[in-house]
Amino acid sequence: MDDEEFVTRARAGDLEAYELLVARHTASAYRTAALLGAGSDAEDVIQEAFVKGYRKLSRYRGESSFRAWLLAIVANETRNLHRSRSRRDGLVLRAAAANPESEVAEDGAVGSVLAAERRTALVRALRLLPVKDREVIVCRFFLDLSEEETVTMLGWPRGTVKSRTSRALVKLRGLLDLEEVHRG
């Protein structure tokens, strides 16, 4: 069954249908919360998002995918978490879903170390981006959301998503280039 059928059944009071939606989208929800900076609170964030999603299921109009609608709730819950933290500087981006292919043809240990260094540099650069730039990069490239799904998730106009994605990529490339220069 597709998501729309499960949503219809869940709206009719079928808890098992909603449980199946939860099972289907837990990994994406967790990845979203973690990449947007929920850190060790990611599980709490997604639990709250799934509860709110169930309560607000009647508001889901089907204009976008259920996944995008749900991830928008996860993003909002993550923002709520950020607002409730006393130190904004303490935001931790724990998960980098990027798994860059090693371009080194040497043994696996060297390749693993270099891949880990690249991921660390990417996470460090992402942390330096303004929150809205980080959100759009995470949506488009880490969660592999379409432009339309990103519009839904972030609640921004399509033009804003396009322009912010472009500017955020330029900033991220600049930060990564600067990191490369510092490493020598």
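Residues numbered from 1 in each chain as written. Predicted model: local features only at pLDDT ≥ 70, side-chain atom pairs only at ≥ 80, totals over all residues. Heavy atoms only, no water.

*Asks:* Would you explain the overall build of the protein chain in this entry?
*Replies:* The secondary structure content of the protein chain amounts to eight helices and zero strands. Reading the helices (α) and strands (β) of the protein chain from amino to carboxyl end gives α-α-α-α-α-α-α-α. Looking at the protein chain as a whole, 41% of its 184 residues are labelled buried. A fraction of 64% describes how many contacts in the protein chain between residues 6 or more apart in sequence connect residues 24 or more apart. Total accessible area on the protein chain is roughly 10,300 Å²; 50% of this is exposed by carbon and sulfur atoms. (Helix = DSSP H or I, 4+ residues; strand = E, 2+ residues; numbered from the N terminus. Buried < 20%, exposed > 50% of the residue type's maximum accessible area, 1.4 Å probe, protein only. Contact = heavy atoms within 4.5 Å. Areas by Shrake-Rupley, 256 points an atom, 1.4 Å probe, with all protein chains shown as cover.)

*Asks:* Honestly, empty space enclosed by the protein in this entry has me stumped. Any pointers?
*Replies:* The gaps left among the atoms become clear once a water-sized probe is rolled over them. For the structure shown, the criterion picks out one cavity of 30 Å³ or more. Computed from the structure, the largest cavity encloses a volume of approximately 50 Å³. In terms of lining, the largest cavity is formed by L36, A75, T78, R79, H82, V131, R134 and E135. When contributions to the lining of the largest cavity are tallied by element, the ones reaching two or more residues are α4 (66-84) and α6 (131-142). Here the residues of the lining of the largest cavity are counted per class, giving three nonpolar, two polar and three charged. (1 Å grid on protein atoms, 1.4 Å probe; cavity = no way out; pocket = protein on both sides within 12 Å on 5 of 7 lines; lining within 4 Å. Points joined across faces, edges and corners; volume = space filled by probe spheres on them. Nonpolar A, V, L, I, M, F, W, Y, C, P; charged D, E, K, R; others polar.)

*Asks:* Please clarify how the packing of aromatic side chains should be interpreted in this entry.
*Replies:* The geometry of two aromatic rings is summed up by the distance between their centres and the angle between their planes. If you walk through the whole model with that rule in mind, you get four aromatic pairs. Measuring from centroid to centroid gives 5.3 Å for Y60 and W69, while their planes differ by 55°, and the two rings are tilted. Assigned by exposure class, Y60 and W69 land together as buried. A cation sits over an aromatic face here: R164 above W156, 5.4 Å from the ring centre. (Phe/Tyr/Trp six-rings, centres within 6.5 Å; stacked < 30°, edge-to-face > 60°. Lys NZ or Arg CZ within 6 Å of the ring centre and 35° of its normal.)

*Asks:* Is there a simple way to explain the packing of α6 against helix α7 (residues 147-154) in this structure?
*Replies:* For any two helices packed against each other, one specifies the crossing angle of their axes together with the interaxial distance. It is the contact of α6 with α7, at a shortest axis distance of 9 Å, that shows an interaxial angle of 140°. Taken as axis vectors, α6 and α7 run oblique relative to one another. The two elements α6 and α7 meet at a crossing, and its hand is right-handed. Across the interface between the two elements, E135, V136, C139 and R140 from α6 touch E147, T150, M153 and L154 from α7. Considered class by class, the residues forming the contact of α6 with α7 number four nonpolar, one polar and three charged. (Axes fitted to C-alpha atoms, helices over the stretch in contact; angles between N-to-C directions. Parallel < 35°, antiparallel > 145°, perpendicular 65-115°, else oblique. Left-handed = near helix turned anticlockwise from the far one by under 90°.)

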